Amino acid sequence: MRGRFITFEGGEGSGKSTQTAALAQQLRAHGIDVLLTREPGGSPGAEIIRHVILSGAARPFGTDVEAILFAAARDDHLRVTILPALAAGRWVICDRFFDSTRAYQGALGAVDPQLIRSLERVTVGDNIPDLTIMLDVPAETGMTRAAARRGAAHADRFEAEDLTFHRKLRETFLDIARQEPQRCVVIDGTQPPQQVEEAIWGAVRDRFALADAPIAQVAAS
Ligand code: T5A
């Protein structure tokens, strides 16, 4: 049986890395074979493209070219990593996917929505996530967390954009969730990590009709 495909989306510092790892652990405790991956990246070819984009090296070519590069990375990631895992019955948790292109490249303003849709059709096709968790935090909160975690290191290509951009980004993610309620669940990411984890687990458990307790607890009861 094909595995399930779960994506996490949200602005900078919204807690995606923290929560994708927590959900993978929770699912494994339920006996589910999980592949945890991320975008841009997740396959050797896509990791090279990640470096080109996030270093800012592609910025001079414009936002259309950046959108095309994200799509090229996604195409490789899907074909090399995600689709084989799903076909083998594994569950795939992906930190960012096509909603990030819609939001970031769309929110940067210059990319024609038709180009974004065409890129999605060619790269993603029918491989739509079964569930998308949108981690929602105010832009200021996310930027403060991302800066604290980064320390003395330089902000990457998109972290370096201004607060107006990051506010617009948040609204775009929330708009996507409003337009696709059957796929997307918005989770308040401002709560303490443990509470966010519990809210996500509730959404995943309900969507896929999973037992509440991990296998070890069920076996012991
Ligand atoms: N991008 C990506 C596009 O423009 N288009 C695309 O199509 C795609 C796929 C990727 C960049 O590429 C852009 C978007 C991004 O700018 P990245 O380095 O992969 O960049 O990083 P991000 O995905 O942006 O993720 P971040 O690393 O910024 O943050 P996360 O993963 O959301 O957050 P996380 O878990 O690392 O947490 C950040 C800090 O906050 C703390 C953590 O301990 C950590 O220190 N934290 C909390 N603190 C308080 N309360 C909570 N609930 C907390 N949860 C986490």
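Before reading further, recall that the structure is shown in the block above.
Quantities reported herein were computed from a predicted structural model and do not represent experimental measurements.

A. Molecular detail of the site of the ligand. Taken together, the neighbourhood of the ligand is formed by 26 residues, with Glu12, Lys16, Thr18, Thr101 and Arg149 sitting nearest. Between the ligand and the protein, one listed contact pairs an oxygen atom with a backbone N or O atom of Gly13 at 3.2 Å. The separation between a nitrogen atom of the ligand and a polar side-chain atom of Gln105 is 2.8 Å. If the ligand stood free it would expose 1000 Å²; the protein chains cover 84% of that surface. Of all the elements in the fold, those that place two or more residues in the shell around the ligand are α1 (16-29), α2 (44-54), α3 (63-87), α4 (98-107) and α6 (139-150). Top element by residues in the shell around the ligand is α4. It accounts for four residues. Tallied by class, residues from the shell around the ligand come to seven nonpolar, 10 polar and nine charged.

B. Fine view of the packing of α3 against helix α5 (residues 113-123). At their nearest, the axes of α3 and α5 sit 10 Å apart, and the two run at 15° to each other. In terms of orientation, α3 lies roughly parallel with respect to α5. Remark: the crossing between α3 and α5 carries right-handed chirality. Residues Asp64, Ala67, Ile68, Ala71, Asp75, Leu78 and Arg79 of α3 pack against Leu115, Leu119, Val122 and Thr123 of α5. Looking at the contact of α3 with α5, its residues break down into seven nonpolar, one polar and three charged.

C. Fine view of the pattern of salt bridges. Applying the stated criterion to the full structure yields 19 salt bridges. Asp136 is the partner of Arg170 in a salt bridge, and the nearest nitrogen-oxygen pair spans 2.7 Å. In this pair, Arg170 sits in helix α7 (residues 163-179) while Asp136 sits in strand β4 (residues 131-136), placing the two residues 34 residues apart along the sequence. Exposure remark for Arg170: the relative accessible area of 26% places this residue in the partly exposed category. You can call Asp136 buried: its relative accessible area is 16%.

D. Region of the structure containing the environment of Glu140. Relative to the helices and strands, Glu140 is located in helix α6. Look at Glu140 and you get partly exposed, because its relative accessible area is 35%. Separated by 73 residues in sequence, Glu140 and Ala67 have C-alpha atoms that sit 25 Å apart. Leaving out residues up to four positions away in the same chain, Glu140 has contacts with Leu163 and Arg167. At a separation of 2.5 Å, a polar atom in the side chain of Glu140 contacts the side chain of Arg167.

Cut-offs applied
- Residues numbered from 1 in each chain as written.
- Predicted model: local features only at pLDDT ≥ 70, side-chain atom pairs only at ≥ 80, totals over all residues.
- Heavy atoms only, no water.
- Near = heavy atom within 4 Å.
- Polar contact = N/O pair within 3.5 Å; in protein donor to acceptor, adjacent residues only side chain to side chain.
- Areas by Shrake-Rupley, 256 points an atom, 1.4 Å probe, with all protein chains shown as cover.
- Helix = DSSP H or I, 4+ residues; strand = E, 2+ residues; numbered from the N terminus.
- Nonpolar A, V, L, I, M, F, W, Y, C, P; charged D, E, K, R; others polar.
- Axes fitted to C-alpha atoms, helices over the stretch in contact; angles between N-to-C directions.
- Parallel < 35°, antiparallel > 145°, perpendicular 65-115°, else oblique.
- Left-handed = near helix turned anticlockwise from the far one by under 90°.
- Contact = heavy atoms within 4.5 Å.
- Salt bridge = Lys/Arg side-chain N within 4 Å of Asp/Glu carboxyl O.
- Buried < 20%, exposed > 50% of the residue type's maximum accessible area, 1.4 Å probe, protein only.

Honestly, that's just the spatial picture; any functional story needs more than this.
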